[in-house]
Amino acid sequence: MHKIDNLLGDRFLGRKVFVLMDVEGFEFPALQSARRFMKLTPAPTFWVEICINDHQPKGRELNPNLKNTFKFFWEHGYTASMFAEPKTAIQPSMVESWAKGKNLPPTRQFFFEKPSK
């Protein structure tokens, strides 16, 4: 398996990077391979499609890595919002609810960015 850190290395060091991630349920494993990439300056910005209750493996109703995916970004200093109108900031309590199949968002598209200091 290729890791994002190995593929990209320091290629984008010092440059603004926008990442579109659509990896059909493998968001969390892919992000785990990008620990060094997440520390770039300036910080990369991400648009990630995260399916919550659709396109899951047979026998699964909800994305088992949903909470871990959002947690990964938050642990790296990112904010999360829905890529929908109006742009809505995402709180951990919302993700907790979604992980239980409740109050699901109107979109699969999420935006993650690090606030500028």
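Residues numbered from 1 in each chain as written. Predicted model: local features only at pLDDT ≥ 70, side-chain atom pairs only at ≥ 80, totals over all residues. Heavy atoms only, no water.

### Considerations on the pattern of salt bridges
Logical step 1: One pass over the structure, following the stated rule, counts 4 salt bridges.
Logical step 2: With a closest N to O distance of 4.0 Å, R108 and E49 form a salt bridge. With R108 in the loop between α4 (92-99) and β5 (109-113) and E49 in strand β2 (residues 45-49), this residue pair connects regions lying 59 residues apart in the sequence.
Logical step 3: Residue R108 is classed as partly exposed on the basis of its relative accessible area, which comes to 31%. (Salt bridge = Lys/Arg side-chain N within 4 Å of Asp/Glu carboxyl O. Helix = DSSP H or I, 4+ residues; strand = E, 2+ residues; numbered from the N terminus. Buried < 20%, exposed > 50% of the residue type's maximum accessible area, 1.4 Å probe, protein only.)

### Considerations on the sheet that holds strand β1 (residues 18-21)
Strand pairs in the sheet, formed through backbone hydrogen bonds, run parallel or antiparallel to each other.
Logical step 1: Strand order in the open sheet formed by 5 strands is β1-β2-β5-β3-β4, with mixed pairing between adjacent strands. Each having just a single partner strand, β1 and β4 (88-89) make up the two edges of the open sheet.
Logical step 2: Here 4 bridges tie β1 to β2, and the two strands are oriented parallel to one another. By the bridge assignment for β2, F18 is matched with T45. (Pairing = 2+ DSSP bridges.)

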